[in-house]
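# Observations on the three-dimensional arrangement
Below, each chain spelled out in residue letters.
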Amino acid sequence: MKSEQDSKAGRRHHDRAFKQELVRQSLEPGASVSAIALRSGINANMLFKWRREHVRAAGDAPPAVLLPIEVAPATEVMSIPTSAAPALSSSSSRPTPRTGVIELEFAGAQLRLRGAVDEDSLCSVLRALRQSA
């Protein structure tokens with residue numbers, strides 16, 4: 001009971017039962033949306049859209065999870081320069097390196113970041129931790 005081709009618009013129209021079944025499968029613990037979409041012959045983004053619509057319509061949106069944080073005293077912060085670029089001849093024209101510490105504890109894991117943090121790398125680490133939790 002997949003879909004039928006609409007000759008006018010060139011778009012595929014999926015039965016409501018087909019959509020509901022895929023959404024149900026994708027909401028099961030440990031389910032892979034990409035694998036379900038691939039198996040069913042649809043784009044994973046389409047299934048994610050159907051899931052969002054289902055959650056919005058059902059009012060099942062999970063509550064936001066607030067994580068406890070703790071700010072460490074400045075004496076515990078270690079300075080690390082942001083880049084290993086060669087020093088310029090004039091010390092007054094060098095940018096001041098960014099420093100700081102980010103510590104996260106959640107789901108039995110601890111993540112500590114010191115110095116400059118590449119935003120893309122941090123997002124990748126947090127995404128992987130969220131998926132493993």
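It should be noted that the structure appears before, not after, this text.
Here's what I pulled together on the structure shown here. (Residues numbered from 1 in each chain as written. Predicted model: local features only at pLDDT ≥ 70, side-chain atom pairs only at ≥ 80, totals over all residues. Heavy atoms only, no water.)

### Things to note about the packing of aromatic side chains
Throughout the structure, instances matching the rule amount to one aromatic pair. Aromatic pair Phe-18 and Trp-50: ring centres 6.2 Å apart, planes at 80°, arrangement edge-to-face. Residue Phe-18 is located in helix α1 (residues 16–26), and its partner Trp-50 is located in helix α3 (residues 44–58); the two are separated by 32 residues in the primary sequence. The pair Phe-18 / Trp-50 is uniform in exposure class, with both members buried. (Phe/Tyr/Trp six-rings, centres within 6.5 Å; stacked < 30°, edge-to-face > 60°. Helix = DSSP H or I, 4+ residues; strand = E, 2+ residues; numbered from the N terminus. Buried < 20%, exposed > 50% of the residue type's maximum accessible area, 1.4 Å probe, protein only.)

### Brief notes about α3
Across its 15 residues, α3 extends 21 Å between first and last C-alpha, which sits within 8% of the 21 Å expected from 1.5 Å per residue. Those residues of α3 not exposed but buried are Ala-44, Leu-47 and Trp-50. Each buried residue of α3 lies within a common arc of 120° when the element is viewed along its axis, so the set occupies one face. Facing away from the buried surface of α3 by more than 90 degrees, the exposed residues are Asn-45, Arg-56 and Ala-57. In the core, the buried residues of α3 are packed alongside β2 (12–14), α1 and α2 (33–40). N-cap assignment for α3: the residue whose side-chain oxygen lies 2.7 Å from the backbone N of Asn-45 is Asn-43. (Expected span 1.5 Å × (residues − 1). Arc of directions from axis to C-beta. Contact = heavy atoms within 4.5 Å. Polar contact = N/O pair within 3.5 Å; in protein donor to acceptor, adjacent residues only side chain to side chain.)

### Here's the deal with the side chain of Ser-26
Along the chain, Ser-26 turns up in helix α1. The class of Ser-26 is buried, set by a relative accessible area of 3%. Within the structure, Ser-26 has its side chain in polar contact with the backbone oxygen of Val-23 (distance 2.8 Å). Contact partners of Ser-26, with chain neighbours within four places excluded, come to Ala-31, Val-33, Ile-36, Leu-47 and Arg-51.

### So, the packing of α1 against α2
Interhelical geometry of α1 versus α2 gives an angle of 150° and a closest axis separation of 9 Å. Here α1 lies roughly antiparallel to α2, going by the angle between them. With respect to the hand of their crossing, α1 and α2 are arranged in right-handed fashion. In contact with Phe-18, Leu-22, Gln-25 and Ser-26 of α1, α2 contributes Val-33, Ile-36, Arg-39 and Ser-40. Here the contact of α1 with α2 is built from residues that sort into four nonpolar, three polar and one charged. (Axes fitted to C-alpha atoms, helices over the stretch in contact; angles between N-to-C directions. Parallel < 35°, antiparallel > 145°, perpendicular 65-115°, else oblique. Left-handed = near helix turned anticlockwise from the far one by under 90°. Nonpolar A, V, L, I, M, F, W, Y, C, P; charged D, E, K, R; others polar.)

### Details of the packing of α2 against α3
Interhelical geometry of α2 versus α3 gives an angle of 115° and a closest axis separation of 8 Å. Taken together, α2 and α3 sit at an angle that is classed as roughly perpendicular. The hand of the α2/α3 crossing is right-handed. Residues Val-33, Ser-34, Ile-36 and Ala-37 of α2 lie in contact with α3, whose contacting residues are Ala-44, Leu-47, Phe-48 and Arg-51. Grouping the constituent residues of the contact of α2 with α3 by class yields six nonpolar, one polar and one charged.

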